[in-house]
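# Chains, contacts and geometry: an overview
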Amino acid sequence: MEDNEQPSHDSAATAAAALEQKHAAMLERLANRHQSRATAKPDSNSSGSTQSFLSQFSQSKLSIDDQISRIRTQPNPPQKAELEAISLGISALEKLVAEHSYLLPPYEVRNSLTAITHLRQTLDDASAAVAPKKKFSFKNKSSKKSAAPASDQKSEVVSEVESNKTNPRLGKLGLMDSSAAPGFRNKDKEELEMEFNRGEVDARNGEFTLSNLRDCEVRLKGCLRALFVDNVVKCKVYVGAVMGSVLIEGAEGCVFVLASHQIRIHNAKKCSFYLRVRSRPIIEDSNGVRFAPYCLSYRGIEEDLAEANLDEETGNWANVDDFRWLRALQSPNWSLLPEHDRVGMLNTDKKNEK
C-alpha cells in the first residue's frame, strides 16, 4: 500500500469535518469548565493579572503593527530577515496568550487570538508582494514493524499545504483546523518518523496530525507549531518541541513523550505521559492516566527545546487539572508514575543507527 494513499474526496471531507467538530467541542467544554472554576473560586489577583496581560499584549501588538506598516510603506521591498523577525514577534505574542490562558476570561482569549490571526493575515499580505509563497514539504519515513529485510522499504512522501490560503475556521486556541495539517493517518503496526527543520516553523508550517493509528511508533523531531492527536491505540509517540499546543482526543494504552506550552487531553485511558509543559496539563473524561517528567533525547534536541522556549523544566508535568473532578481531593483519574515504573532516557537516534 502506498504511504500516501488517500481516501475518496467525500469520505475524507466527512472525516475531516467530524474531527474538527470533536476538537471544537472539546475546546468549548474546556473553556466553559475553566469559567465555572473561576466563578466558583474567585481569585483576588485575577483582575490585576488580566490587566497586566492586556497591557503587555497591547504594547506588543502595537509594536508589530508599526513594523508591518513600515514594510508596507517603505519604497524598497522588505528583506526576508525583516519578515522573519515580525513572524517571530507574532509567535511570541501567541505564546503569551497560551501562557496566560488559565488566568484570562474566555472572551479575552478569543479577542487576543482574533487579533493574532489578523496580524498574521496582514503580514501574509505584505509578504505576498515580495515573492510567491513556498509550499511546505517534508520527508516522511515509514516502515512496517513486522520483520523486514535489512533494506527496509522506505517511501518519501511530499505533502503540500498552500500557505497563501487562510483557513477561515480557527480553533479557540488559535490553531489551524487539523484536517488541513499534514500528518500520519490510518496506519497499523508501522514505524513513522518526521523531522522538522529548525527555524522554519511559521504560522502554517509545522502543524501535524496523528489520526487513527494502532500499534504504531511515532517519532517527530525538531520544532512543531502544533500537534493534533485523534484516536490512537497502543501507540508510542515521541515528540521534540511543540511551540504551541498539543490536543489529544481519544487515546488508549499509549505512551506519550511530549514537550509543549499547552497539553490538553480528552478521553484517554490507561496511558502514560512523559511531559515538559509550560502550563498545567488538562485532562477531561480520562482515567488510568499517569504522568512523569520528559525523557526524550536525540541529536539537536537541546537546540529545539531552547528555540521553543522549553529548555527549562517547570515541574508542571505533576500539576494536572482534571476538568471532570472539581473537588478539593486528589482526582482518582490520574496519578504520578512511580519511579520504578518509568522508562529511562529514550534516544530515538539509536533506532536509525541500527
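Residues numbered from 1 in each chain as written. Predicted model: local features only at pLDDT ≥ 70, side-chain atom pairs only at ≥ 80, totals over all residues. Heavy atoms only, no water.

## Some words on the overall build of the protein chain
The secondary structure content of the protein chain amounts to 6 helices and 15 strands. Per-residue burial for the protein chain yields a buried fraction of 47% across its 354 residues. Within the protein chain, counting contacts between residues at least 6 apart in sequence, those at least 24 apart form 59% of the total. Working note: accessible area of the protein chain is about 18100 Å², and carbon and sulfur atoms make up 49% of it. (Helix = DSSP H or I, 4+ residues; strand = E, 2+ residues; numbered from the N terminus. Buried < 20%, exposed > 50% of the residue type's maximum accessible area, 1.4 Å probe, protein only. Contact = heavy atoms within 4.5 Å. Areas by Shrake-Rupley, 256 points an atom, 1.4 Å probe, with all protein chains shown as cover.)

## Considering helix α3 (residues 80-100)
Its 21 residues place the ends of α3 31 Å apart at the C-alpha level, agreeing with the 30 Å of an ideal helix rising 1.5 Å per residue. Of all the positions in α3, only Leu83, Ile86, Ser87, Ile90, Ser91, Leu93, Glu94, Lys95, Leu96, Val97 and Ala98 are classed as buried. (Expected span 1.5 Å × (residues − 1).)

## Here we look at the pairing of strand β5 (residues 217-224)
Among the 8 residues of β5, 8 are classified as buried, and the element is accordingly described as predominantly covered. In this sheet, β5 lies alongside strand β3 (residues 190-195) in parallel orientation, the contact comprising 5 bridges. Of the residues in β5, the one forming a bridge with Leu192 is Val218. (Pairing = 2+ DSSP bridges.)

## Observations concerning the side chain of Ser286
By secondary structure assignment, the location of Ser286 is in the loop between β10 (282-284) and β11 (289-293). In this structure Ser286 comes out as buried when scored by relative accessible area, which is 5%. A polar side-chain atom of Ser286 sits 3.0 Å from the main-chain amide nitrogen of Ala268. Those residues in contact with Ser286 that sit more than four places away from it in its chain are Ile265, His266, Asn267, Ala268 and Asn333. (Polar contact = N/O pair within 3.5 Å; in protein donor to acceptor, adjacent residues only side chain to side chain.)

## Quick word on the pattern of salt bridges
If the charged atoms of two oppositely charged side chains come close together, the side chains can form a pair. All chains considered together, the criterion is met by 14 salt bridges. Between Asp188 and Lys189 there is a salt bridge, and its shortest N-O distance comes to 3.9 Å. Judged by relative accessible area, Asp188 falls into the partly exposed class, the value being 37%. The residue Asp321 makes a salt bridge to Arg280 at a minimum N-O spacing of 3.0 Å. One end of the pair, Asp321, is in strand β13 (residues 321-322); the other, Arg280, is in the loop between β9 (272-277) and β10, and 41 residues separate them in sequence. Residues joined by salt bridges that share partners form a network here, namely Asp188, Lys189, Arg214 and Asp215. (Salt bridge = Lys/Arg side-chain N within 4 Å of Asp/Glu carboxyl O.)

## What about the nonpolar core?
Judged by nonpolar contacts, the single largest core of 37 residues is most densely connected at Leu227, Phe256, Phe273 and Phe291. Residue assignment for this core shows that the elements contributing at least two residues are β3, β4 (207-214), β5, β6 (226-233), β7 (236-252), β8 (255-269), β9 and β11. Here the element with the most residues in this core is β7; it accounts for 6 residues. In this structure, Phe291 is in contact with Ile265, Phe273, Leu275, Ile283, Trp317, Val320, Trp334, Ser335, Leu336 and Leu337, ignoring residues within four places of it in sequence. (Core = buried A, V, L, I, M, F, W, Y, C linked by side-chain atoms within 4.5 Å.)

## Examining the packing of aromatic side chains
Enumeration over the complete set of coordinates arrives at 6 aromatic pairs. Between Phe53 and Phe57 the ring centres are 5.7 Å apart and the planes differ by 35°, which places this aromatic pair in the tilted class. With a gap of 4 residues between them, Phe53 and Phe57 both fall in helix α2 (residues 46-73), about one helical turn apart. Residue Phe57 is classed as buried on the basis of its relative accessible area of 7%. Linked through ring pairs, Phe256, Phe273, Phe291 and Trp334 together constitute an aromatic cluster. (Phe/Tyr/Trp six-rings, centres within 6.5 Å; stacked < 30°, edge-to-face > 60°.)

Functional significance is not addressed by these values, which are geometric in nature.
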